[in-house]
Each structure stands twice: as structure tokens, then as C-alpha cells.
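# Inside the fold
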Amino acid sequence: MALVTSSSGAGPVIAEVEMNGGADSSSTTVRATVVQASTIFYDTPATLDKAERLIAEAAGYGSQLVVFPEAFIGGYPRGSTFGFGISISISNPKDKGKEAFRRYHAAAIDVPGPEVSRLAAMAGKYKVFLVMGVIEREGYTLYCSVLFFDPLGHYLGKHRKLMPTALERIIWGFGDGSTIPVYDTPLGKIGALICWENKMPLLRTALYGKGIEIYCAPTADSRPVWQASMTHIALEGGCFVLSANQFCHRKDYPPPPEYEFAGLGEEPSADTVVCPGGSVIISPSGEVLAGPNYEGEALITADLEIVRAKFDFDVVGHYARPEVLSLVVNDQPQLPVSFTSAEKASAAKGDSFAKSY
């Protein structure tokens, strides 16, 4: 294990690099980096600059895949209640919460949009596959999403969080089955679920059904018990699990009264750690290859030997019993408004293509 001090950012960033740990030297390996770092809250341009420094650093270590935490672009609103507190009352307008949401909405990004184009350019410049947690803005609704990019600088697509947790449901919309992708890449089949979505067995099974090999799990959960979930998924799915979380101090968020932390009894001091990370990389056998790191901002890196790990257990193959248990995934977009004229035009276009062949 090599520890390399970073020159990026205001403080030290440590790279934990597992050099071919246990891998067959004749096998093709993929060097992957999980980024553990904090958003620059309410400052999306500065956060993008920080992301580029971290991507450049990871690429400098030879990484081919770089995974960022949940909501890295746009920020995870840790400690904020958006004026609701514990008791939600629609009849009592929360003006302070509305202002907090306005600022949060302004820090989110459109997909596609200029920030997505910049992220794509970063992936192309540093020749990496990039998995980035963002807050996506569509009209006046926000989504917690993951964006995927290839080393040629192409935006591949997104996953929207299917089920926000607790107070997240106040500020984030719900994804649907149309954004549960697994991308077949030269590195392996890559997909992602976000935070507690990873505790939804049927959603995990949907990814297994698509043959996922590199399972990305951006999260905001830094509890030690999260490690057990990540290990279980690696064993269950026969896949590498890359879990990325932020490491944040109170001072990484705006000061009070501009931004107030709730649920901690009293306002924490500037140096209080409000999210201690815990980012980790785990092999299909359940072996921890790098991390978990609870010490600070870090680049957590390991070499992954992409092999078939399904010999003794394939949850959607020879270990499945579809005549007893099966899963049907509705992968169609669930739109609140649709227009019959558009549907008819689409059907007519499909008929014309069918006739031409």
C-alpha cells in the first residue's frame, strides 16, 4: 500500500494505492480511484475546478476509472431542514427554507448543460471513465443523479436516485426505471446506485441482471455499518464495489446564519467533522482492496482484476429459480404529462421505418 500526498486543494489529499494486490500478472487489470472530498457548497464553478484537480491527480496515478461521491456537484445538504425542521406544516410557509432552496436550486446543474459539457471535456482530457454524483435540475425539480462519461469525452447517460431517503424527499424528485443503466465498456460493465438505494434488493437485482461488474455506490452514509452493506453487495453480485463518500468539516459549508446545521444539539465548530467519509473498494470475494478511509480527503485507489466471479454463485444465473422468484422492471419513463399527438407521431415514424426494411 503506497500513501501519496497530494498537491491538490487546500489540505492534504492522500492516495491509497493497492498495487496489483493479489492479481494475476497475466490478467488485464483496471486501476480505479474513489474520490473522497468535499463539495465547495453553493459554488458550482469552484467545485468543478476542484473536481478537475482531483481527476488530473487520479489520472497521474494511472487511474482509468474515477468515481466521485453522491451530490459532489451541487452539494449534499447535510444538516439542513430547509425550514421544515422535524414537523412539516404546509400551512405555515417557511420563507427561510424557500431562500435556502433557491440557492440550492441555483447550485444544481442542467443535464445536458454547460457543466455536463465541461465534465465530459475533463474525462476526455485525462482519458478516464468518470462517474460523477450531481444534483440535477429539471425545471423546478431537483434530482440526485449520477452521470457517466467515457475517455473520449462523451457523456454516456445518467442514473436518477429512485428513492430519496427521509428529508431528502422534501427537496429531491424520484427517479424511474428508465435511468438504471449499466454501460458495457472496455474496463467492464459499469453502473451505479446511490446511497440507501443500495439497500433495495430488487433494484440491485436489476443491475445484476444487466451483468454489472464494476458497481459504483456514491453515498452520504459514513457509518461503519455501511461497510457491511458494501461487502455483502460485492459477494452477492460477484462484482467490484466502489463506494465514494465526501469528507466534510463544518467549515466546508457556509457559516451561520447563512447555513445552519440541525439535529446536532448546537451549532458545530468550524473544524467539526460532519461527514468522516469511509470510502472503500471491495473485490467480488469480499476482500477490502483499499480503504475505508476516515482520516480526511483522499484518493482511494486499487487495481481491479476483472474476471468472472460467478463460478459458485450467480444470483441471476445458475443460482436463480425464475419459476419460483422473478423480477419485472418497468424501464419506461414515467411522465406526469404526455400528449397523444406526440405518441401518434412516434408510432407513425416507427411504422415508416418498419416498412422501409
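Residues numbered from 1 in each chain as written. Predicted model: local features only at pLDDT ≥ 70, side-chain atom pairs only at ≥ 80, totals over all residues. Heavy atoms only, no water.

Here we come to the confidence of the model for the protein chain. Summary statistics for the protein chain give a mean pLDDT of 85 and a share of 82% for residues scoring 70 or more. In this model residues 1–12 is a low-confidence stretch, pLDDT under 50, and it forms 27 contacts with partners more than four residues away in sequence or in other chains. (pLDDT = per-residue confidence, 0-100. Contact = heavy atoms within 4.5 Å.)

Turning next to a nonpolar patch on the surface. Together, Leu-202, Leu-327 and Val-329 give the surface a local cluster of nonpolar side chains, amounting to about 250 Å² of exposed area. Among the residues examined, Leu-202 registers a relative accessible area of 57% and is labelled exposed. (Patch = residues over 30% accessible without salt bridge, like charges linked within 9 Å, V, L, I, M, F, W, Y side chains within 5 Å. Areas by Shrake-Rupley, 256 points an atom, 1.4 Å probe, with all protein chains shown as cover. Salt bridge = Lys/Arg side-chain N within 4 Å of Asp/Glu carboxyl O. Buried < 20%, exposed > 50% of the residue type's maximum accessible area, 1.4 Å probe, protein only.)

So, on to the state of the cysteines. Taken as a whole, this structure holds zero disulfides when the rule is applied. The thiol sulfur of Cys-144 is not disulfide-bonded, and the nearest other cysteine sulfur, from Cys-195, lies at 8.0 Å. The buried category is assigned to Cys-144, whose relative accessible area is 1%. (Disulfide = S-S within 2.5 Å.)

So, on to the pairing of strand E7 (residues 141–149). Among the nine residues that make up E7, eight are buried, leaving the element largely enclosed by the rest of the structure. With nine bridges connecting them, strand E6 (residues 129–138) and E7 associate as antiparallel partners. Its bridge partner being in E7, Arg-137 is matched across the sheet by Leu-142. Hairpin connection from E6 to E7: two residues lie between these consecutive antiparallel strands, with Gly-139 at a positive phi of about 65 degrees. One ladder, built from five bridges, connects E7 with strand E8 (residues 155–160); its direction is antiparallel. Across the sheet, Leu-147 pairs through a bridge with Lys-158, a residue of E8. Counting the residues that bridge the hairpin from E7 to E8 gives five residues, and of these Gly-153 lies at a positive phi of roughly 85 degrees. (Helix = DSSP H or I, 4+ residues; strand = E, 2+ residues; numbered from the N terminus. Pairing = 2+ DSSP bridges.)

Where helix H1 (residues 44–60) contacts helix H3 (residues 114–126), the two axes come as close as 10 Å, and the packing angle between them is 15 degrees. It follows that H1 is roughly parallel to H3 by the angle criterion. Viewed along their axes, H1 and H3 form a crossing whose handedness is right-handed. Only Glu-115, Arg-118, Leu-119, Met-122, Lys-125 and Tyr-126 of H3 make contact with H1, whose side of the interface consists of Thr-44, Pro-45, Leu-48, Asp-49, Glu-52, Ile-55, Ala-56 and Ala-59. Here the residues of the contact of H1 with H3 are counted per class, giving eight nonpolar, one polar and five charged. (Axes fitted to C-alpha atoms, helices over the stretch in contact; angles between N-to-C directions. Parallel < 35°, antiparallel > 145°, perpendicular 65-115°, else oblique. Left-handed = near helix turned anticlockwise from the far one by under 90°. Nonpolar A, V, L, I, M, F, W, Y, C, P; charged D, E, K, R; others polar.)

One number sums up the size of the largest pocket: a volume of about 700 Å³. Surrounding the largest pocket, 26 residues form its lining, Tyr-76, Pro-77, Arg-78, Gly-79 and Glu-168 being those nearest its centre. Among the secondary structure elements, those contributing two or more residues to the lining of the largest pocket are helix H4 (168–171) and strand E14 (273–276). The greatest single-element share of the lining of the largest pocket, amounting to three residues, is contributed by E14. (1 Å grid on protein atoms, 1.4 Å probe; cavity = no way out; pocket = protein on both sides within 12 Å on 5 of 7 lines; lining within 4 Å. Points joined across faces, edges and corners; volume = space filled by probe spheres on them.)

Bringing the sheet that holds strand E16 (residues 288–293) into the picture now. Read across the sheet, six strands follow the order E9-E10-E11-E12-E15-E16 without closing on themselves; strand pairing throughout is mixed. Edge positions in the sheet fall to strand E9 (182–185) and E16, since each of these pairs with one other strand and no more. Taking each pair of neighbouring strands and ignoring which way they run, the sheet shows an average axis angle of 15 degrees. Taken together, the four bridges between E9 and strand E10 (residues 188–192) define a ladder with antiparallel strand orientation. Each bridged residue has a counterpart across the sheet, and for Val-182 the counterpart in E10 is Gly-191. In the packing of helix H6 (residues 225–237) onto the sheet, the strands contacted are strand E11 (214–216), strand E12 (240–243), strand E15 (279–282) and E16, and the crossing angle to E15 comes to about 25 degrees.

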